[in-house]
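Fold and contact review
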Amino acid sequence: MHKTFTREHSNRAKGLAILLLLSYHLFENEKLITSMAVNHAPFSLEGFLVFTQFGNVCVSVFVFLTAFGITSGLLGQEAARSGFSAKSVCRQSVHRFLRLMLNFVFLYLSVNLLWWYKFDYRSLYGMDKQGILFFLTDAAGLSMFFEGSPTLNATWWYMEIAYLLIFLVPLLAWLVTKTGYSLLIFAWFAPMVITFHPDISRYLFVAAFGVCAACGKWPEKLLNLRLSPLLQWILGLAGFVLCVLIRQNYVVHEYYIHLADAPIALFLVYFGSALAGSIPLLGKFLAFVGKHAMNIYLVHTFFYMSLWQPYIYHFKYAWATFLLLLALCLLYSVLLEAAKRLTRFEKLLARLR
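Residues numbered from 1 in each chain as written. Predicted model: local features only at pLDDT ≥ 70, side-chain atom pairs only at ≥ 80, totals over all residues. Heavy atoms only, no water.

1. Some remarks on the packing of helix α1 (residues 7–26) against helix α3 (residues 45–54)
For the pair α1 and α3, interaxial distance at closest approach is 7 Å and the crossing angle is 130°. Here α1 is positioned oblique relative to α3, judged by the angle of their axes. Once α1 is placed against α3, the crossing between them reads as left-handed. Taking contact as the criterion, the partners of Leu20, Ser23 and Tyr24 in α1 are, on α3, Phe51, Thr52, Gln53 and Phe54. (Axes fitted to C-alpha atoms, helices over the stretch in contact; angles between N-to-C directions. Helix = DSSP H or I, 4+ residues; strand = E, 2+ residues; numbered from the N terminus. Parallel < 35°, antiparallel > 145°, perpendicular 65-115°, else oblique. Left-handed = near helix turned anticlockwise from the far one by under 90°. Contact = heavy atoms within 4.5 Å.)

Printed below as a string of structure tokens:
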């Protein structure tokens, strides 16, 4: 039976990506592991660090899935037409931008209502009138667009690339309908000759790869590989190890990371959605985590670094630290989404669809 790549598959892949993110931020360097007396047994420190540092590929997975999702939606809507409707695409992009911003504002307010007494707003934003402007900019997730503008959480830099992708991906999708997969050649060389925003230069090829993957239905083709489950698992696990070793190679990581991350992101999407996701309980768990991925990404730093670091690392064992952070982030996200329903915030978002 032919399988289609659904939102459930996407959520499983996001779930895997967010797990990699948490492992990366919790155990990203030897200094942090030593200072927190983290017990990484039964793995050697070197092997443990190679795996945890691989976790920052999560951003590329999110970029890939964002590009893939937006492009798939555009192609589906425009299938019966002769081409993209510029007016429709612009309206959808603006609505998508506003939904993302409003969701961020809601999370920002929740963080400040809970922990206002722990933040030094005067030192962060300033005491004069410009402090109000800095506050509003940060609350909207726009701080990274203004160099030097203060932010409550450095991890929120991702909002910048998330906003940019909303408007960049439709353009890339239009280009791929005109030029085909040669878009990848443009995305490869363009940052070398054109001065782009740093985030665009870093993730342009990954985004273009996601757009092409949507046009070619690459994840769907991987889902329908005519291989026995056992062989797929053998190849999948071997491929995962190979991805880690290739990406964490010094030369690749220093010079070719923006290219290597694209096929690695596609592989991780397949690994999370098709292989790990094929195990019933694990698949449901990954999809559940993936559904809350954005909230977890935006709030986890407060738990593991800014506010509750001694408590998060209290149990010393890496696996216990990881599970504790994941549990706290999931609880926060579940309660946040419940608050959105209680305040009828979701009805406001529904008007922007």
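After presenting the structure, the write-up continues.
2. Comments concerning the nonpolar core
Core analysis: the largest hydrophobic core is formed by 117 residues, its most contacted members being Phe64 and Leu268. A total of 14 residues in this core trace back to one element, the largest contributor, which is helix α13 (residues 250–275). Once you skip the residues sitting within four places of it in the chain, Leu268 turns out to touch Leu16, Leu20, Phe54, Val57, Val61 and Phe240. (Core = buried A, V, L, I, M, F, W, Y, C linked by side-chain atoms within 4.5 Å. Buried < 20%, exposed > 50% of the residue type's maximum accessible area, 1.4 Å probe, protein only.)

3. Examining empty space enclosed by the protein
Overall, the coordinates contain 1 cavity of 30 Å³ or more when judged by the stated rule. Here the largest cavity defines a volume of roughly 30 Å³. Surrounding the largest cavity, Phe104, Asp138, Gly141, Leu142, Ser143, Met144, Thr151 and Trp156 form its lining. A class-by-class count of the residues in the lining of the largest cavity yields 4 nonpolar, 3 polar and 1 charged. (1 Å grid on protein atoms, 1.4 Å probe; cavity = no way out; pocket = protein on both sides within 12 Å on 5 of 7 lines; lining within 4 Å. Points joined across faces, edges and corners; volume = space filled by probe spheres on them. Nonpolar A, V, L, I, M, F, W, Y, C, P; charged D, E, K, R; others polar.)

4. Here's the deal with the pattern of salt bridges
Applying the stated rule across the entire model yields 3 salt bridges. We note a salt bridge from Asp261 to Arg202, for which the minimum N-O separation is 2.7 Å. With Asp261 in helix α13 and Arg202 in helix α10 (residues 198–216), this pair connects stretches of sequence that are 59 residues apart. By relative accessible area, which is 0% here, Asp261 ends up buried. The partner of Asp261 in a salt bridge is Arg247, and the shortest N-O contact between them spans 2.6 Å. Of this pair, Asp261 sits in helix α13 while Arg247 sits in helix α12 (residues 229–247), placing them 14 residues apart in sequence. For the pair Asp261 and Arg247, one class covers both residues: buried. When salt bridges with common partners are traced through the structure, they connect Arg202, Arg247 and Asp261 into a single cluster. (Salt bridge = Lys/Arg side-chain N within 4 Å of Asp/Glu carboxyl O.)

5. A few points about the packing of aromatic side chains
How two aromatic rings sit relative to each other is set out by the distance from centre to centre and by the angle between their planes. The final tally for this structure, using the stated rule, is 39 aromatic pairs. Feature note: the residues Phe104, Tyr108, Trp115, Phe119, Tyr121, Tyr125, Phe135, Trp156, Phe302, Phe303, Trp308 and Tyr332 constitute an aromatic cluster, connected by ring pairs. (Phe/Tyr/Trp six-rings, centres within 6.5 Å; stacked < 30°, edge-to-face > 60°.)

6. A closer look at the layout of surface pockets
Within this model, the largest pocket holds a volume of roughly 2,000 Å³. In terms of lining, the largest pocket is formed by 49 residues, of which the most central are Arg7, Lys14, Arg96, Arg99 and Arg353. Of all the secondary structure elements, the ones that give two or more residues to the lining of the largest pocket are α1, α4 (58–78), α5 (86–115), α8 (158–179), α14 (280–291), α15 (293–306), α17 (318–342) and α18 (345–350). Residue contributions to the lining of the largest pocket peak at 11 residues, all from α4. Computed from the structure, the second largest pocket encloses a volume of approximately 620 Å³. In this structure, the second largest pocket is lined by 23 residues; those nearest its centre are Leu20, Ser23, Phe43, Phe51 and Phe322. Elements supplying a minimum of two residues to the lining of the second largest pocket: α1, α3, α12, α14 and α17. Residues belonging to the lining of the second largest pocket are distributed by class as follows: 18 nonpolar, 5 polar and no charged.

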